[in-house]
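Residue strings, one per chain:
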Amino acid sequence: DAGFRDPLMIEVSRVEAGLDNRKTVMIKNIPERWTRPGLCAMIDRVAAGHYDCVILPRLPFRRNTADFAFVNFLDARFVVAFY
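What you see is a predicted model; the values in this text were computed from it and never measured.

## Quick look at the environment of alanine 81
So, point 1. Mapped onto the secondary structure, alanine 81 falls in helix 3 (residues 76-82).
So, point 2. Looking at alanine 81, the relative accessible area reads 39%, which means it is partly exposed.
So, point 3. Distance in space between the C-alpha atoms of alanine 81 and aspartate 44 is 11 Å, their sequence separation being 37 residues.

## Considering the sheet that holds strand 3 (residues 68-73)
So, point 1. Pairing is antiparallel across the open sheet formed by 3 strands, whose spatial order is 1-3-2. Of all the strands in the sheet, just strand 1 (24-28) and strand 2 (51-55) have a single pairing partner and so form its edges. On average, each strand axis in the sheet is inclined to that of its neighbour by 20°, with strand direction left out of account.
So, point 2. Bridge count between strand 2 and strand 3: 4 bridges; the pairing is antiparallel. Residue valine 54 lies in a different strand from strand 3, and its bridge partner there is valine 71.
So, point 3. Sitting on the sheet, helix 2 (residues 36-47) touches strand 2 and strand 3, and the angle it makes with strand 2 is about 145°.

## Brief notes about the packing of aromatic side chains
So, point 1. Counted according to the given criterion, the structure contains 2 aromatic pairs.
So, point 2. For the ring pair phenylalanine 68 and phenylalanine 70, a centre distance of 5.9 Å and an interplane angle of 75° mean the geometry is edge-to-face.
So, point 3. Look at phenylalanine 73 and phenylalanine 82: their rings are 5.7 Å apart centre to centre, the planes differ by 45°, and that puts the pair in the tilted class.
So, point 4. The buried category is assigned to phenylalanine 73, whose relative accessible area is 0%.

## So, the pairing of strand 1
So, point 1. In strand 1, alternate side chains face the same way, and those of Val25 and Ile27 are buried while those of Thr24, Met26 and Lys28 on the opposite face are not.
So, point 2. Here 5 bridges tie strand 1 to strand 3, and the two strands are oriented antiparallel to one another. Along strand 3, the bridge assignment pairs isoleucine 27 with alanine 69.

## Examining unusual backbone geometry
So, point 1. With phi around 60°, asparagine 29 is a residue other than glycine that occupies positive phi space.
So, point 2. Topologically, asparagine 29 is positioned in the loop between strand 1 and helix 2.
So, point 3. Note on asparagine 29: relative accessible area 67%, which makes it exposed.

## Description of the nonpolar core
Most often, soluble globular proteins have nonpolar side chains that are buried together.
So, point 1. Formed by 15 residues in total, the largest nonpolar core has its most connected members in Ile30, Leu39, Ile43, Tyr51, Val54, Val71 and Phe73.
So, point 2. Elements that contribute at least two residues to this core include exactly strand 1, helix 2, strand 2, strand 3 and helix 3.
So, point 3. Residue contributions to this core peak at 4 residues, all from helix 2.

Conventions we followed
- Residues numbered from 1 in each chain as written.
- Predicted model: local features only at pLDDT ≥ 70, side-chain atom pairs only at ≥ 80, totals over all residues.
- Heavy atoms only, no water.
- Helix = DSSP H or I, 4+ residues; strand = E, 2+ residues; numbered from the N terminus.
- Buried < 20%, exposed > 50% of the residue type's maximum accessible area, 1.4 Å probe, protein only.
- Pairing = 2+ DSSP bridges.
- Axes fitted to C-alpha atoms, helices over the stretch in contact; angles between N-to-C directions.
- Contact = heavy atoms within 4.5 Å.
- Phe/Tyr/Trp six-rings, centres within 6.5 Å; stacked < 30°, edge-to-face > 60°.
- Core = buried A, V, L, I, M, F, W, Y, C linked by side-chain atoms within 4.5 Å.

Next up, the structure:
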């Protein structure tokens, strides 16, 4: 359906227009051997100092991290910059 809009997906035009003010995003498909400092270094390339929380869970039944993370940006504009 061409008119379907997934409410969970980020649409850059809606953020830029101020219609979507979400600041917390989920990042998927993170390599399982990545560390939180490595993930933060990647985020810092486009949004250094513009986020206040990064959660990269460790799975209790494995020694690696999960393949997803959550990042809370201080402003929705940095969601677009990171996207």
